[in-house]
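# Descriptive structure summary
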Amino acid sequence: MAKSTPSDSVGLVSPELIHFDEPLELRSGRSIDEYDLMVETYGELNAQKSNAILICHALSGDHHAAGYHDADDEKEKPGWWECCIGPGKPFDTSRFFVVCLNNLGGCAGSTGPSSIDPDTGKPFGPDFPIITVRDWVKSQARLADRLGIQTWAAVIGGSLGGMQVMRWAISYPDRLRHAVIIAAAPKLSAQNIAFNEVARQSITSDPDFHEGRYYDFNTYPKRGLMLARMVGHINYLSDRAMRDKFGKDAIEGSFGRDLRSGKLNFSYDVDFQVESYLKYKGETFSTQFDANTYLLITKTLDYFDPSVDYDFDLSKAFAESQCKYLVISFSTDWRFPPERSREIVNNLVKAKKPVSYLEIDADQGHDAFLLPIPRYIEALKSYMDCVADEVNPGSQ
Amino acid sequence: MMRADLDIIQQWIEPGSRVLDLGCGDGTFLAHLKKEKQILDCGLEIDPENINLCLKAGVNVIEQDMNKGLSNFESNSFDTVLLAQTLQTVERPDILVEEMLRISRNCIITFPNFAYWRHRLKLLSIGNMPQSSSLPYEWFDTPNIHHCTIRDFDNLCRDRKLKILHRTVVDFNHRSSFLMNLHPNLFGINAIYHFTR
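None of these values were measured; they are calculated from a predicted model.

Reading the values: rules and limits
- Residues numbered from 1 in each chain as written.
- Chains lettered and ligands numbered in written order.
- Predicted model: local features only at pLDDT ≥ 70, side-chain atom pairs only at ≥ 80, totals over all residues.
- Buried ≥ 20, exposed ≤ 12 C-beta atoms within 10 Å, placed from the backbone.
- Helix = DSSP H or I, 4+ residues; strand = E, 2+ residues; numbered from the N terminus.
- Pairing = 2+ DSSP bridges.
- Right-handed = clockwise from strand over helix to strand, strands pointing away.
- Contact = placed C-beta atoms within 7 Å.
- Nonpolar A, V, L, I, M, F, W, Y, C, P; charged D, E, K, R; others polar.
- Domains from an automatic or database assignment.
- pLDDT = per-residue confidence, 0-100.

Attention now goes to the pairing of strand S11 (residues 324-330) of chain A. All names here are of chain A. Among the 7 residues in S11, 7 count as buried, and that is most of the element. Side chains of S11 alternate between two faces, with Lys324, Leu326, Ile328 and Phe330 and Tyr325, Val327 and Ser329 buried alike. Two elements, strand S10 (residues 178-182) and S11, share 5 bridges in a ladder whose sense is parallel. Following the sheet pairing, His178 is matched in S11 by Lys324. Pairing of S11 with strand S12 (residues 355-360) involves 6 bridges; the strand directions are parallel. Its bridge partner being in S12, Phe330 is matched across the sheet by Ile360. What joins S11 to S12 is helix H10 (residues 338-350), and the crossover it makes is right-handed.

In structure tokens form, the structure reads like this:
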């Protein structure tokens, strides 16, 4: 018997691989002749095709944003944005047709560095072209064409996903009604790029990296990827979140000591919970994610700056956009802190665009955007209910 | 804000213009102006519940504390800036008035008149801090830290060389009367100023 899923979940879902054979010209000057995108959808597209929303994923995300894949696995975790997508949730699948895809260059089914290059019969590896946010959005627009969606009711994303939302509003001003930009930044700071570079160096200096051709050696840079993820994790959590997670024992005097041994080792083994947690997270990630994709996406992040084509004035970049905006930040996010979101908001106000902005008080750092924080979820729901009323005829 | 305040204020707002509402509350006024005057709305608010109500009403709301400045708003970037029933709660009303004038040439402020005769009587006769429907708080929990009177605000306008376009004084029912027009600072409960420079 198939497992039961919560009533506010989209339940069992299956992704679909969609092939595109029209060459995609890239920002770098290179192009991809043909490619596949792995796509998941939830809910029904209405007759007017007006109720579609696009969810853009962040660095380690993919097309599986909600629901479950395996009818038998009782321990399976739902998609990465389960708290926001489903019947009655902010991205209400009884009112919206929700589309989420694994971006080009990814490693969850869409064409990426680990895919086979038809010209050589071997994985692309380091030969896979650098993809920018602009290229992603172009490929997403082609996906919209394929699905028969002229205008998205909303394009939504957190972190790197929020950057894709901005690019949508700039590149395709008449193809979205609402832009929801969460925990994002108008471009990376020097510190952000520095963290990315540490992650990249960790991967490329791993002896198992083989200059990106590790597939040919039947191995992968496990340790490098693990280190990269550990650095990332520190950056995604706040000091407060770490204290809450690992400092509880400090109250009892043991200062977050690793529970496995419970005592200090006076060696370089794991002594503290935070060490074993990071190690565990890094190890798990390294078995699930492709190192070349990680390198690629950190570069995609570094290159993002839509103001470059507009005299470095972001307000000019937004000038042609026609959508309404919702921007949300989190108080303890030190990867993309609230002031970065305020930069976006101020430029939107300067461009005379309709924008709402919320700064959510949350302890969880950058990762907060993935979590069911009551005020955040309520705000998304309030906003998206208006969007649903607007695009579903007869619902008002 | 009362409906009658709204009716008075909205005659000073051009259809299709851009309005910044400082301390927009639940967004009622902006929602009304959107419907009646097709304005481009922008509200500032810090209360999470009010912000959520604005989102529900489809009103554009920015979470920002105006006490920390408005320097992120460009000069002359709005057609109208409104401050309703909030002047007495801000840290530096004089600086805020200057900032409003920088952002727009068309400014509107409403505030409860502290010199209303019932307030005066309460202070003079019983010696308690005045309370009324326009000042419903106890002295210890009031958000009103800079009470002002119509005469005070007139003086500020004179000293800062503000040009008062309209000044309306209304009662509890938000209507004007003969007495109020004769002695606004004594009989007026709420003051509505429309000014520029």
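What follows continues from the structure just given.
On the side of chain A, 17 residues touch chain B, which itself brings 16 residues to the contact. Secondary structure elements with two or more residues in the side of chain B that touches chain A: strand S2 (40-45), helix H3 (48-56) and strand S3 (61-63) of chain B. Looking at the side of chain B that touches chain A element by element, the count peaks at 5 residues for H3 of chain B. Taken together, the residues of the side of chain B that touches chain A break down into 8 nonpolar, 4 polar and 4 charged.

Residue and element names in this part refer to chain A. We note that the domain assignment places domain 1 (16-187 + 306-391) and domain 2 (196-293) within chain A. Each partner contributes residues to the interface: domain 1 has 20 residues there, and domain 2 has 16 residues. Of the residues assigned to the side of domain 1 that touches domain 2, the class counts are 6 nonpolar, 10 polar and 4 charged.

With that settled, consider the confidence of the model for chain B. Per-residue confidence for chain B gives a mean pLDDT of 91, with 95% of residues at or over 70. Confidence estimates for the predicted assembly give a pTM of 0.94 and an ipTM of 0.92.

Look at Glu211 of chain A: it is not a glycine, yet its phi comes out positive at around 50°. Along the chain, Glu211 of chain A turns up in the loop between helix H3 (190-204) and helix H4 (222-236). Here Asn76 of chain B, not a glycine, exhibits a phi torsion of approximately 50°, which is positive. Inspection of the secondary structure assignment puts Asn76 of chain B in the loop between S3 and strand S4 (80-84).

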